[in-house]
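# Reading the structure
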Amino acid sequence: MAFSLTRVNRVLIQACETTPSVVLDLSLIDNIPVLRCFARTIHVFTHGPDAARAIQEALAKALVSYYPLSGRLKELNQGKLQIDCTGKTGIWFVDAVTDVKLESVGYFDNLMEIPYDDLLPDQIPKDDDAEPLVQMQVTQFSCGGFVMGLRFCHAICDGLGAAQFLTAVGEIACGQTNLGVSPVWHRDFIPQQHRANDVISPAIPPPFPPAFPEYKLEHLSFDIPSDLIERFKREFRASTGEICSAFEVIAACFWKLRTEAINLREDTEVKLVFFANCRHLVNPPLPIGFYGNCFFPVKISAGSHEISKEKSVFDVVKLIKQAKTKLPEEFEKFVSGDGDDPFAPAVGYNTLFLSEWGKLGFNQVDYGWGPPLHVAPIQGLSIVPAGIVGSVPLPKKGVRLMTWCVEETHCQLFDDLMTNKLTSNKTE
């Protein structure tokens, strides 16, 4: 989808008040090599005249409390990361305009047609090869709507933390003088000596298999109505006497039907990996306002034939629920330094990754004109079979499952299986 825009201003936004000049340590999880990347998203708003000015002013005020986000990553000899806060750096902000209406580009509803390079900020400045930790472009459309293109350093915040910061910016833009949640740094919740034997690789990008897979993953999205998900949950409870979440429903269908579509050998081990928030598992629990990384991978393995043919979707939901019950024990093992690195699972066509974005808070951020119509993630590594559970565009209610997980030869069958399962009157 081609359209023209003009970037009218580029500026480094700094806090509007003096902030501490300090070097801050990052947590053990922040230091995980696989997080040394930028998460990229597109946020579409149907209303917001002069949005760039309002958001730029709010950012400068928010950075007084969130001043570490103005800093730059600093790497020590053994690969350990810190943030250097000098008060002289800031967030990169680009102001752009276009004479195009959002309606004429379909509100960027089709992920494969979004011109990411146009909507994301450009000409990123670097200080000794260190980029700004937050990079933003606000593009004003002629209809009065706007699109925010965001690049956020994952080593500083997880999804919940990034959404917390954007919520604060929105509150300030709406005229609030006190933030609903005050930010808390608290990056020492896992004592470094507990993992003293760990070797943190300084390599960027993170280490992946030396021989990259040759497959190319195709994109498919599925909009799943809320009433279908709720009906599935009711039937699961009637059948098993247990309750399940919408995420567990979607994860079970996704893993089972994708395994059936790719048709691996019966004895092939297939894996599902998703990430769970662990703020409540820290002892004592992390304080409200913490905005760093605190999540942990949940991994499930089974035979290809077992998942695709032998087990029902309800059975797969049970597997997912059982794996989640082990999370406190597995997280405690990680904190105490036992076992291998859980954040370095093998990447391959038999391993499916799933992330939940719908409950992070991005879809509730309001800069003064209401929440976004939708938030679109940008695909990461094209060799990682993955799905993202998000929200359908307003005013519809339901879940949008965005996937990059099958080769072209498996694409049609996977599409058919998912569509039939998610639109059929029969859930089991």
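So, a few notes on the structure that sits alongside this text. (Residues numbered from 1 in each chain as written. Predicted model: local features only at pLDDT ≥ 70, side-chain atom pairs only at ≥ 80, totals over all residues. Heavy atoms only, no water.)

### Quick notes on helix α7 (residues 313–325)
Taking 1.5 Å of rise per residue, 13 residues should cover 18 Å, and α7 covers 19 Å from first to last C-alpha, within 8% of that figure. Of all the residues in α7, the buried ones are V313, F314, V316, V317, L319, I320 and A323. (Helix = DSSP H or I, 4+ residues; strand = E, 2+ residues; numbered from the N terminus. Expected span 1.5 Å × (residues − 1). Buried < 20%, exposed > 50% of the residue type's maximum accessible area, 1.4 Å probe, protein only.)

### Let's talk about the sheet that holds strand β6 (residues 91–97)
Spatial strand order, β1-β6-β7-β8-β3-β13: six strands in an open sheet with mixed pairing. This sheet does not close on itself; its edge strands, each paired only once, are β1 (6–13) and β13 (374–377). Sheet twist, expressed as the average angle between the axes of neighbouring strands with direction ignored, equals 15°. Inspection of the sheet shows strand β3 (residues 38–45) paired to strand β8 (residues 146–153) by eight bridges, in the antiparallel sense. Bridge pairing in β8 links T41 to L150. On top of the sheet, helix α3 (residues 159–173) reaches β3, β6, β7 (134–140) and β8; it is set at about 135° to β8, its chief contact. (Pairing = 2+ DSSP bridges. Axes fitted to C-alpha atoms, helices over the stretch in contact; angles between N-to-C directions. Contact = heavy atoms within 4.5 Å.)

### Regarding the pattern of salt bridges
All chains considered together, the criterion is met by 20 salt bridges. R279 serves as the salt-bridge partner of D158, at 2.9 Å between the closest nitrogen and oxygen. In this pair, D158 sits in the loop between β8 and α3 while R279 sits in the loop between β10 (269–277) and β11 (295–303), placing the two residues 121 residues apart along the sequence. Of the two residues examined, D158 and R279, each falls in the buried class. Of the charged contacts in the structure, one is a salt bridge between E269 and K271, with a shortest N-O distance of 4.0 Å. (Salt bridge = Lys/Arg side-chain N within 4 Å of Asp/Glu carboxyl O.)

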